[in-house]
Structure formats: C-alpha cells, structure tokens
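Notes for the structure review
What follows is the residue order along each chain.
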Amino acid sequence: MANYDLKELKTRMQKTVASLKDELGGLRTGRASASLLEPVVVEAYGSRMPLNQVATVTVPEPRMLSVQVWDRSMANAVEKAIRDSGLGLNPMGEGQVIRVPLPELNEQRRKELAKVAHNYAEQARVAVRHIRRDGMDALKKAEKDGDMSQDDAKKQSDLVQKATDDAVAEIDTIVAQKEQEIMQV
C-alpha cells in the first residue's frame, strides 16, 4: 500500500481535537487564566513568536493578568500583539510589566467570546478536512498504482469519512459545551 494509514489519520484528527480543547481552555469564562494569552503571537526579532517565548504571564488577581516582558525593547510589540489579538483586551504598559485587566463579562462580551470559540472550532474542522483529503489522496494513489483494489479503496474511503464525521461531531459537541459555559451568567 502507498502511504495510507487509517490509524495515523485518526491520530492526527484526535490531535486537532485536543488542540481545539487547549485553545478553548484559554477562553475565559469570568476568571483570569494565563492560558488566555496563549494564542497571542508577537512580532519579535524579525519573526512571529508565541507570547510565552518573549514574556512570562502570571495571574496576580482574579481579574488581572500580568505580562513580564524579558526584553524591555519588546514591551510595545507585546502590548500591541495583545491589543490586536481579537480577545477584546486593553493592556496597560508599565515598563517591562504589562497589566491586562479583564473586562466584566457583559452580554456583548459573552457573544464575542462565543464567536471566538466558533472561529477556533471552524479552524479545527478545516484541519480535520485537510487530514481527510490527505487520506483520500493516498487511497486514490494506492488504487491507481495497483496497490489496492477498487473495492478495498471504497471501503477504506468510507472508514476515512466516518473518522472525519466522528471528529467533526466531537468538535461540534466541544464548542457547544464551551458556548454554554460562556453564556452562563
């Protein structure tokens, strides 16, 4: 057989789902969490780096994050990255320390967070569909090269589709739970 491996495809899909869970874990539901800033990417030293590679994030109070920038010259870039992250945060720089007060969760803010959760979920669905396409391409190649009969290829493609459907269903369930959690007052 070519490079088709159903188990490997399922593993990749599960990693995508796990990644989504991590991203959604960072979406807060009323409490500050250092993981909230994990998706933030900073323009640093001529490249894009995750925030945790240029600063330390701590939670001094329930509604405040503190970002300790390691290199003072990076403070403005970090502040800008947090502001532009789409998380609706308004950082305040004080030298190497950037304070990030978390706004009270009003109805509009909850809806914004729910939208962010849906965006994460859509990215995960797209990733799962890419993995599915990789599997289908490998099956077509195996069939074309004569490594697999047409019937076997059909059976395997049905299994790939089922794995895809299962992963997408799991993503939908996870995002629905998160949305419920966000909208809970």
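The name that an unreviewed UniProt entry assigns to the protein is Ribosome-recycling factor, with the source organism given as Devosia equisanguinis. The UniProt entry for the protein carries the following text under Subcellular location (unreviewed entry): "Cytoplasm". Here is the UniProt Function (unreviewed entry) comment for the protein, exactly as written: "Responsible for the release of ribosomes from messenger RNA at the termination of protein biosynthesis. May increase the efficiency of translation by recycling ribosomes from one round of translation to another."

Sheet strands pair by backbone hydrogen bonding; their relative direction is either parallel or antiparallel. Ordered in space as 3-4-6-5, the four strands form an open sheet in which the pairing is antiparallel. Edge strands, defined here as strands with exactly one partner in the open sheet, are strand 3 (55-61) and strand 5 (92-94). Sheet twist, expressed as the mean angle between neighbouring strand axes with direction ignored, is 25°.

Counting through the fold element by element, A34 comes out in the loop between helix 1 (6-26) and strand 1 (41-44). As a C-alpha pair, A34 and S66 span 32 residues in sequence and 8.8 Å in three-dimensional space. With residues near it in sequence (within four places) discarded, A34 still touches V57, V59 and L65.

What follows is about the domain arrangement of the protein. Split into domains, the protein comes out as domain 1 (4-25 + 104-182) and domain 2 (32-99). Each of domain 1 and domain 2 has a C-alpha centre, and the two are 30 Å apart. Of the roughly 460 Å² buried at the junction of domain 1 and domain 2 (both faces included), carbon and sulfur atoms supply 38%. Taken as a group, E104, R109 and Y120 account for 56% of the area that domain 1 buries against domain 2, more than any other trio of residues on that side. The interface formed by domain 1 and domain 2 contains zero residue pairs in polar contact (both at pLDDT 80 or more). Within the side of domain 1 that touches domain 2, the residues separate by chemical class into three nonpolar, one polar and two charged.

Turning to unusual backbone geometry, a few remarks are in order. Of note in the backbone geometry, Y45 takes a positive phi value of approximately 50° without being a glycine. Structurally, Y45 can be placed in the loop between strand 1 and strand 2 (47-50). Taking the relative accessible area as the measure of exposure, Y45 reaches 58% and is therefore exposed.

Okay, the nonpolar core next. Counting residues in each nonpolar core, the largest one holds 54 residues, and the members touching the most others are L27, L37, L51, V67 and V78. At the level of elements, helix 1, strand 1, strand 4 (64-69), helix 2 (75-83), strand 6 (97-101), helix 3 (107-144) and helix 4 (150-183) are the ones that each hand at least two residues to this core. Of the residues that make up this core, three or more belong to each of domain 1 (4-25 + 104-182) and domain 2 (32-99). Residues within four places of L27 in sequence aside, it is in contact with L36, L87, L113, V116, A117, Y120, K178 and I182.

Parameters at a glance
Residues numbered from 1 in each chain as written. Predicted model: local features only at pLDDT ≥ 70, side-chain atom pairs only at ≥ 80, totals over all residues. Heavy atoms only, no water. UniProt positions renumbered as here; feature names shortened; annotations may be inferred. Pairing = 2+ DSSP bridges. Helix = DSSP H or I, 4+ residues; strand = E, 2+ residues; numbered from the N terminus. Axes fitted to C-alpha atoms, helices over the stretch in contact; angles between N-to-C directions. Contact = heavy atoms within 4.5 Å. Domains from an automatic or database assignment. Buried area = accessible area lost by both parts, 1.4 Å probe. Polar contact = N/O pair within 3.5 Å; in protein donor to acceptor, adjacent residues only side chain to side chain. Nonpolar A, V, L, I, M, F, W, Y, C, P; charged D, E, K, R; others polar. Buried < 20%, exposed > 50% of the residue type's maximum accessible area, 1.4 Å probe, protein only. Core = buried A, V, L, I, M, F, W, Y, C linked by side-chain atoms within 4.5 Å.

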